[in-house]
Amino acid sequence: MELSKKRLAALEEDFEDYCQIDRLIAIRSLEIEHPWRESDGNIGGGRASTITKPQESITLKKDADKQLNRLLSLRRQGDRAINRMNDEQLNIFSIRFKSDDYYDWDTIGDLTHNSHSQIYRKRYKILELLAKEQGIC
């Protein structure tokens, strides 16, 4: 199956998220553990019908959270995709996604001595690895 331009752009975003995945997971976990609540004017009134063990409640919320589960899944998929990359692909991946500077694909082609068409074929293969791990193709 051929990957569309939109799908390739989405895969690039996934790799960008992957490079800061531990931070994103930590932020989402904190949001689940310490949600913002509007102040309650009914102080001390009524009984709660919720789970009284906070650890159990937090675990259930984390298991049910779609965003956290997507991030955890992306980490596993990204790890597997990177493990399948050869040295050249890892170098290109590091320049594009792990660098503090932004390099577009043409600049990466210049840095790695690849023509425009060569670097875009290599880009496609790198993104295809992640797509295979996600079950897209």
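Remember, predicted model here, so these are calculated numbers, not experimental data. (Residues numbered from 1 in each chain as written. Predicted model: local features only at pLDDT ≥ 70, side-chain atom pairs only at ≥ 80, totals over all residues. Heavy atoms only, no water.)

1. A short note on the overall build of the protein chain
Basically, it comes down to this: Counting from the N terminus, the helices are DSSP H or I runs at least four residues long and the strands are E runs at least two residues long. Classification of residues uses two cut-offs on accessible area relative to the type maximum, computed with a 1.4 Å probe and protein chains only: under 20% is buried, over 50% is exposed, and between them is partly exposed. Pairs of residues are marked as contacts when any of their non-hydrogen atoms sit within 4.5 Å. The accessible surface values rely on the Shrake-Rupley method and a 1.4 Å probe; as for residues, cover is taken only from the protein chains in view.
Secondary structure summary: the protein chain contains seven helices and zero strands in total. For the protein chain, the succession of helices and strands along the chain, N to C, is α-α-α-α-α-α-α. Residues classed as buried in the protein chain amount to 32% of the 137 residues present. Considering only contacts in the protein chain between residues 6 or more positions apart, those separated by 24 or more positions represent 73%. In the structure as shown, the protein chain presents an accessible area of about 9600 Å², 48% of it carried by carbon and sulfur atoms.

2. Concerning helix α2 (residues 21-33)
As a reminder, the rule being used: By this rule the span expected of a helix is its residue count minus one, scaled by 1.5 Å. Note that the arc is computed from the directions linking the helix axis to the C-beta atoms.
Taking 1.5 Å of rise per residue, 13 residues should cover 18 Å, and α2 covers 18 Å from first to last C-alpha, within 8% of that figure. Within α2, burial applies to Ile21, Ile25, Arg28, Ser29 and Ile32. Across the axial projection of α2, the buried residues extend over an arc of 100°, all falling on one side. Buried residues along α2 sit in contact with α1 (5-18), α3 (54-64) and α4 (66-83).

3. Topic: the environment of arginine 96
Worth spelling out the cut-off: Here a polar contact is taken to be a pair of N or O atoms separated by no more than 3.5 Å, where protein atoms must pair a possible hydrogen donor with a possible acceptor and residues adjacent in sequence count only if both atoms sit in side chains.
Within the element layout of this structure, arginine 96 appears in helix α5 (residues 87-98). Put simply, arginine 96 and glutamate 16 are 80 residues apart on the chain and 9.0 Å apart in space, counted from C-alpha to C-alpha. If we skip the residues at most four places from it in the chain, arginine 96 touches Glu12, Glu16, Tyr102, Tyr103, Trp105 and Ile108. At 2.9 Å, the side chain of arginine 96 forms a polar contact with the side chain of glutamate 12. Side-chain polar atoms of arginine 96 contact the side chain of glutamate 16, separated by 3.4 Å.

4. Regarding the packing of α1 against helix α7 (residues 116-134)
To be explicit about the condition: The angle between two axes is taken between their N-to-C directions and runs from 0 to 180 degrees, where each axis is a line fitted to C-alpha atoms and a helix contributes only its stretch in contact. Oblique is the label for any angle not under 35 degrees, not over 145, and not in the 65 to 115 range, which are roughly parallel, roughly antiparallel and roughly perpendicular in turn. Each residue is assigned to one of three groups, with Ala, Val, Leu, Ile, Met, Phe, Trp, Tyr, Cys and Pro labelled nonpolar, Asp, Glu, Lys and Arg labelled charged, and all others, Gly among them, labelled polar.
Interhelical geometry of α1 versus α7 gives an angle of 80° and a closest axis separation of 10 Å. Compared by their axis directions, α1 and α7 come out roughly perpendicular. Residue-level contacts link Leu8, Leu11, Glu12, Asp14 and Phe15 of α1 to Arg123, Tyr124, Ile126, Leu127, Leu130, Ala131 and Gln134 of α7. Residue classes in the contact of α1 with α7 are distributed as eight nonpolar, one polar and three charged.

5. So, α7
The first and last C-alpha atoms of α7 sit 27 Å apart over 19 residues, in line with the 27 Å expected at 1.5 Å per residue. Its buried side turned inward, α7 meets α1, α4, α5 and α6 (105-111). Count one or two residues on from α7 and you reach glycine 135, which has phi positive near 80°.

Treat this as a map of the structure, not an account of what it does.
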